[in-house]
Amino acid sequence: MADHALTVPLRSPLSQFADRLAAATRTCGGALRLAELPFLTQVNLRLDAKGAAAEAVGLALDLALPLQPNSVVRAGELTALWLGPDEWLLVGPPGRERDLESRIREAAGDEPVSVTDVSAQRTTLLVSGPRAHDLLAHGCPLDLHPRAFGTGRCAQTTLGRTQVVLVARDEPRAGFWVLVRSSFAGYLAEWLLDAATEYA
């Protein structure tokens, strides 16, 4: 029997905002860049940071899990965000979920570990440019000065009253990732677009 299932193209939570984010970027004349980074792989990992699984998983991923609170480690295309003493979020290119999960489970063996694909739970906004700190400071309670929240830092916080994971990227002028739940992404995009009008 032929498979008659319809294949529906993936649609990101902010696909309808792409043109408006691009227009805001142009209007800001280089002060800001706003864009969605859709479909990034996001895998939540929980394990004992001092146990045998942590080292084995780090070796399997070729990435040492960050142990300092609110820190980020990047190796190749994979980024690990510290979310808690026994919790990390692994972020990578689209479509890598199953590969990451299987590598982690194989490396952990019989050690207790929790691996959950949360890629569909959040989308990622890129906020970069010379005024990125200023824009985010309008709605974030954290001190975002580079001395306090410099490259390679992350935090679970709020932005415009929306819960987010904020990541200060470690590349020159790379700005910030704002990981937001899909159900709040439209609201946050509207907030960012409104705040960005100050820099037009």
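The text that follows walks through the structure, step by step, so that each part is easy to find. As the structure is a computational prediction, the values presented were derived from the model and not from experiment.

Some words on the overall build of the protein
Then, number 1: Looking only at helices and strands, the protein features 5 helices and 10 strands.
Then, number 2: Taking 200 residues into account, the globule formula puts the C-alpha radius of gyration at 16 Å, and the protein, at 18 Å, falls close to it.
Then, number 3: C-alpha atoms of the protein, sized along the principal axes, occupy 60 × 55 × 25 Å.
Then, number 4: With 200 residues in all, the protein has 46% of them scored as buried.

Some words on the sheet that holds strand β5 (residues 87-92)
Think of a sheet as strands paired side by side through backbone hydrogen bonds, with each pair either parallel or antiparallel.
Then, number 1: Strand order in the open sheet formed by 5 strands is β3-β4-β5-β2-β6, with antiparallel pairing between adjacent strands. One side of each edge strand has no neighbouring strand; the edge strands of this open sheet are β3 (72-75) and β6 (113-117). The sheet shows a mean angle of 20° between the axes of neighbouring strands, direction not considered.
Then, number 2: The pairing of β3 with strand β4 (residues 78-84) spans 4 bridges and is classified as antiparallel. Note that in β4 the partner of Arg74 across the bridge is Thr79.
Then, number 3: Strands β2 (41-47), β4 and β5 of the sheet are contacted by helix α2 (residues 52-61), whose axis makes an angle of about 155° with β2.

The rules behind these values
Residues numbered from 1 in each chain as written. Predicted model: local features only at pLDDT ≥ 70, side-chain atom pairs only at ≥ 80, totals over all residues. Heavy atoms only, no water. Helix = DSSP H or I, 4+ residues; strand = E, 2+ residues; numbered from the N terminus. Rg over C-alpha atoms; globule rule 2.2 N^0.38 Å. Buried < 20%, exposed > 50% of the residue type's maximum accessible area, 1.4 Å probe, protein only. Pairing = 2+ DSSP bridges. Axes fitted to C-alpha atoms, helices over the stretch in contact; angles between N-to-C directions. Contact = heavy atoms within 4.5 Å.

These figures come from the coordinates and say nothing about function on their own.
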